[in-house]
Amino acid sequence: MTAALFAEQVLNGLQLGVMLFLMAAGLTLVFGIMNLINLAHGSLYMMGAYLTATFQQATGSFFLGLLLALPATAVVAMLVELVALRQLYDRDHLDQVLATFGLILFFNELTRIIWGPSAYFLDVPEVLSGTVEVLPGIPYPAFRLAILLAGLAVAAFLFFLIARTRLGMLIRAGASNREMVSALGVDIRLLYTLVFGLGAALAALAGGMAGPILAVQVGMGESILILTFVVIVIGGIGSVHGALVAALLVGLVDTFGSVLLPAAAAEMAIYLLMALILVWRPSGLFPVNA
Amino acid sequence: MPKITPGTLGAVAAVALLLALPPILDLVGAPFYVDVATRIAIFAIAAVALDLVLGYGGMVSFGHAAFIGVGAYTVGILSTHASNGTLLFDGALPIGGTHSALIAWPLAVLASALVAFFIGLVSLRTRGVYFIMITLAFAQMIYFFFVSLETYGGDDGLSLWERSSLLGLDLYDSTVFYYLVIFILIAVLVFCRRLVGARFGRVIVGARENERRMNAIGFPTYRYKLVCFTISGAIAGLAGALLANQTEFVSPSLLHWTRSGELIVMVVLGGMGTLLGPVVGAIFFLLLEDVLSELTQHWMIIFGPLLILVVLFANRGLLGLLRRGTGNDTR
C-alpha cells in the first residue's frame, strides 16, 4: 500500500467514523437519558436523506435542503416521541424493541408510498465537486472532506453543549438521576422530547450528508443502524465520548478491512472487533455505570 | 392414570385438528393451503426455539434468523454437492454432499448448535440491551458471510435441485411433508415441555428472575444459559432445514435481521414463556401477513402501528388475553 493510498483510506475511515458518530451520539443519548432503545433511529436517518432530497429539489440548493431537513426531521421525531415512544420509557427493553421495530416497518412503507420504490441519487453540490490536495500529491474529494469537517465540528459542538451549557447540565443530571431532576422542578418530559429531537437532527444530518455519496432508498437506515449499534456497544452505551472513539475505530477498521482483507472476512471484521472488545470488557470501552 | 385437565383435552383437540387439516382443506376445495399451514408450522418450530431463551430465559436474542439460515444453508450446500457430484472437502478425508435427510438434517442441527454455542459464549457475558445488540450484530455477521459466499450463490441464493429423501417418504407430496413437519413440531413441543419442567428449566427460569440469587445458591447460571441458547439455536436450525426443503431455495434473505424481529413478534404476540404461545403467535402473524397483503401491497403501514398498539395495550400476548378471559392465568 502506497502512502497516498494509505492517507486516502485513513480519511475514508475517519469520514465513515464521523457519520457513525452522528448516528451513535443521538442513539446513546436517548438510551443514556430515557433508557430507551430506539431501533427506529435508522428511520430518522432515512427521513433526513429523503427530506434533504425533496428540499433540494424545491430550493435548488443542497445546503438549504439540508438546513431545512434537520428541523423537519426533528419535528417528525418529536411527534413520534409524543404519540408513541413516551409510553415506553418505563417498559422493559423487549417492549421497546418491538414497538420501535413496528415504527421501522411503518416508516419504510410510508417512505415507499410518498417517494416511490426507486432510489434517488443526489448530486454533489457545485462548490464541493472538486478535489482538495490534503497533503502534497494526495488529492481527496472535497465533499467527503467537508463531511469529515462538519462531523468533527458537530462533535465539538456536542461536547460543548453537554459540558458547558445549562441544557447539557440538565441532560447529564437526567442521565444520572431523573427522579431528582424532576423533583427539583425541571420539566423532565419536555427535556426528553428535546433530547429526542436533537438526536433526530443529528441522524438527519448524517442521512442528508450521505445523500450525495450513497443511494437514497428505503431501508438505507437499517444497515447503518446495525453499525451504529456496534459502535455504541463498543463505546459503552450512554457514553458520548465512548461513541466518538468507537465510531472512529469502527470506521477505520471497516475501511481498512475492505481494502486489505478478502470479501468474506472484510464484512465480518468489525463484528470480530466487537466480539474481542466485549470478551475483554463486557460493558464497552467506557462503561457509564461502572 | 394421568388426571384429565382442560389443558390435556385442549392439546388432544388441537392435535386432532392439525391431523385433520389436509382432508378438511381438500373438502373445502383449498388444498394449496396445506403449504401455508406447513410454512406456519415450520416458523412455529423456530418461534418455540426462540421462546426457550426469550420467554423462559429472559434473554432477548435478536439474531435467531441466523440459526435458521445456517440450518437451511447446511441442507442446501450438501444437496448442491450431491447433485453435481462434487466434493465438499477435498483432501485426506474427502467428503461429498448428500440428499439423505438422515444425514443432512442432523448436520444442519449440529451446525446451528455450534454457531449458537460460539455466539452464546461471547454474548452471554453481557446482559440487557448489550445482549440484544450483540446477538443482532453477530447475526448480521453471519448474514454477510453468506452474502459473500460466491460459491453458493452469494446474494442471489442457492436453488436446491431436489428435496431431501427420508425413509422412502415422498417429500414432494404437500400432505406428506405437512404431516412430517407437524410430527416434528409436536416432538419439539414435547421435548421443550420436558426440558422446562425439568431441573434444567427451573434453573433457567430462576436465572431470569434473579440471577444473583441463583449464583449464590451454587448454580453456574452462565453455563446453563449457554446450553439453553445452544439448544434453542439447534432447534431453529432444524426449522431452517425444513424451510430449505419446502421452498427448495436458500438465500441470505432467510437471515435478514427483520426475520429475527418477526420471530420475536411471533413469540411476544402469542405469549412468551409459554410453549403454545409461540405457535399461536406464528399462526396469527403469518395469517395476518397473508390477509393484510391481500388487502394492500402497503400492508406494513397497517402492521407497524398495530404492533405498537399490541405492545402498549396487550403485551402479554394473545394467550395472555385468552387466559385472562377464562381466569386461568398461571404466569
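For clarity, every value in this text was computed on a predicted model and none was experimentally measured.

## Regarding the overall build of chain B
Logical step 1: Scanning chain B for helices and strands turns up 13 helices and 4 strands.
Logical step 2: Within chain B, buried positions represent 53% of all 331 residues.
Logical step 3: Looking at chain B as shown, the accessible area adds up to about 15,000 Å², and 66% of this sits on carbon and sulfur atoms.

## Section: the environment of Met-47 of chain A
Residue and element names in this part refer to chain A.
Logical step 1: With respect to the helices, strands and loops of the structure, Met-47 is situated in helix H2 (residues 41–59).
Logical step 2: In the structure, Met-47 is positioned 173 residues away from Met-220 in sequence and 9.9 Å away in space, judged by C-alpha atoms.
Logical step 3: In contact with Met-47, other than residues within four places in its own chain, are Thr-73, Phe-107, Thr-111 and Trp-115.

## So, the interface of chain A and chain B
Logical step 1: Contact with chain A, which involves 43 residues of that partner, is made by 40 residues of chain B.
Logical step 2: For the pair chain A and chain B, the summed buried area comes to about 3,900 Å², and 84% of that belongs to carbon and sulfur atoms.
Logical step 3: At the junction of chain A and chain B, the tally comes to 0 salt bridges.
Logical step 4: Joining chain A to chain B, the criterion identifies 6 residue pairs in polar contact (both at pLDDT 80 or more).
Logical step 5: Listing elements by their share of the side of chain A that touches chain B, those giving two or more residues are helix H4 (93–115), helix H9 (220–235) and helix H11 (263–280) of chain A.
Logical step 6: At 15 residues, H4 of chain A tops the list of elements feeding residues into the side of chain A that touches chain B.
Logical step 7: A per-class count over the side of chain A that touches chain B returns 32 nonpolar, 6 polar and 5 charged.

## Observations concerning the environment of Arg-163 of chain B
Residues and elements named next belong to chain B.
Logical step 1: Relative to the helices and strands, Arg-163 resides in the loop between strand E3 (158–159) and helix H6 (174–197).
Logical step 2: Residues Arg-163 and Leu-242, 79 residues apart in the sequence, show an inter-C-alpha distance of 9.7 Å.
Logical step 3: Excluding residues that lie within four positions of it along the chain, Arg-163 makes contacts with His-99, Leu-171, Tyr-172, Phe-177, Asn-245, Gln-246 and Glu-248.

## A few points about a nonpolar patch on the surface
Logical step 1: On the surface, Leu-102, Ile-103, Leu-107, Leu-110, Leu-167 and Leu-169 of chain B cluster together to form a nonpolar patch covering roughly 600 Å² of accessible area.
Logical step 2: Residue position: Leu-102 of chain B is located in helix H4 (residues 101–123).

## Some words on the pairing of strand E1 (residues 131–135) of chain A
Residues and elements named next belong to chain A.
Logical step 1: Here 4 bridges tie E1 to strand E2 (residues 138–141), and the two strands are oriented antiparallel to one another. Within E2, the residue paired with Glu-133 across the bridge is Pro-139.
Logical step 2: Hairpin geometry of E1 and E2 is characterised by an intervening segment of 2 residues between the two adjacent antiparallel strands and by a positive phi of about 80° at Gly-137.

## Side note on the state of the cysteines
Residue and element names in this part refer to chain B.
Logical step 1: On inspection of all chains with the given rule, the structure shows 0 disulfides over all chains.
Logical step 2: With no disulfide of its own, Cys-192 lies closest to Cys-228 among cysteine sulfurs, the gap being 9.0 Å.
Logical step 3: Residue classification places Cys-192 among the buried positions, given a relative accessible area of 0%.
Logical step 4: For Cys-228, a relative accessible area of 2% puts it in the buried group.

## Some thoughts on the packing of aromatic side chains
Logical step 1: Summed over all chains, the structure comprises 21 aromatic pairs over all chains.
Logical step 2: With a centroid separation of 5.8 Å and 70° between ring planes, the pair formed by Phe-106 of chain A and Phe-107 of chain A is classed as edge-to-face.
Logical step 3: Between Phe-219 of chain B and Tyr-224 of chain B the ring centres are 6.0 Å apart and the planes differ by 80°, which places this aromatic pair in the edge-to-face class.
Logical step 4: Given the relative accessible area of 17%, Tyr-224 of chain B is considered buried.
Logical step 5: Among the aromatic residues, those joined into a cluster by ring pairs are Tyr-50, Trp-115 and Tyr-120 of chain A.

## Things to note about the domain arrangement of chain B
Residue and element names in this part refer to chain B.
Logical step 1: Structurally, chain B comprises domain 1 (1–31) and domain 2 (35–257).
Logical step 2: With 6 residues of domain 1 at the interface, the matching set in domain 2 holds 6 residues.
Logical step 3: If you sort the residues of domain 1 by the area they bury against domain 2, Leu-18, Leu-19 and Pro-22 come out on top, with a joint share of 68%.
Logical step 4: For the pair domain 1 and domain 2, the number of links is 0 salt bridges.
Logical step 5: Run the count over domain 1 and domain 2 and you get 0 residue pairs in polar contact (both at pLDDT 80 or more).
Logical step 6: For the side of domain 1 that touches domain 2, the residue count by class is 6 nonpolar, no polar and no charged.

## Quick notes on the confidence of the model for chain B
Residues and elements named next belong to chain B.
Logical step 1: Averaged over all residues, the pLDDT of chain B equals 82, while 89% of them reach at least 70.
Logical step 2: The secondary structure element of chain B with the lowest average pLDDT is helix H13 (residues 317–326), at 62, and the one with the highest is helix H9 (residues 221–247), at 91.
Logical step 3: In the model, residues 326–331 has pLDDT below 50 throughout and makes 7 contacts with residues more than four positions away in sequence or in other chains.

Cut-off values and rules
Counting of residues starts from 1 at the beginning of each chain's written sequence and follows it residue by residue. Going through the entries in the order they are written, you letter the chains from A and number the ligands from 1. Only residues with pLDDT of 70 or above have their local features reported here, since the model is predicted, and side-chain atom pairs are shown and tallied only from 80 upward, although totals for entire chains, interfaces and linings are computed over all residues. The side-chain values count all of the structure's non-hydrogen atoms but skip hydrogen atoms and water molecules. Strands are runs of DSSP state E lasting at least two residues, helices are runs of H or I lasting at least four, and both sets are numbered from the N terminus onward. Between buried and exposed lies partly exposed: a residue is buried under 20% and exposed over 50% of the maximum accessible area for its type, with that area taken using a 1.4 Å probe on protein chains only. In this description, accessible areas are obtained by the Shrake-Rupley approach with a 1.4 Å probe, and a residue is regarded as covered only by the protein chains that are shown. Note on contacts: a residue pair is in contact if any heavy atoms of the two residues lie within 4.5 Å. Buried area: the accessible area, evaluated with a 1.4 Å probe, that two parts lose upon being put together, summed over both parts. Within this document, salt bridges are pairs made up of a side-chain nitrogen of Lys or Arg and a carboxyl oxygen of Asp or Glu, the two lying within 4 Å of each other. Polar contact is the term for a pair of N or O atoms within 3.5 Å; when the atoms are in protein, one must be able to donate a hydrogen and the other to accept it, and sequence-neighboring residues count only if both atoms are side-chain atoms. For this classification, Asp, Glu, Lys and Arg are treated as charged, while Ala, Val, Leu, Ile, Met, Phe, Trp, Tyr, Cys and Pro are nonpolar and the rest, including Gly, are polar. The patch calculation keeps residues exceeding 30% relative accessible area without a salt bridge and links them within 9 Å when they carry like charges or within 5 Å when they are nonpolar (Val, Leu, Ile, Met, Phe, Trp, Tyr). Pairing between two strands requires that DSSP report at least two bridges joining them. In this description, a disulfide is simply a cysteine sulfur pair whose atoms lie within 2.5 Å. We call Phe, Tyr and Trp rings a pair once their centres come within 6.5 Å, taking the six-membered ring for Trp, and we label the pair stacked below 30 degrees between planes, edge-to-face above 60, and tilted otherwise. Note that the domain bounds were set by an automatic or database domain assignment. Per-residue confidence from the prediction method is given by pLDDT, with values spanning 0 to 100.

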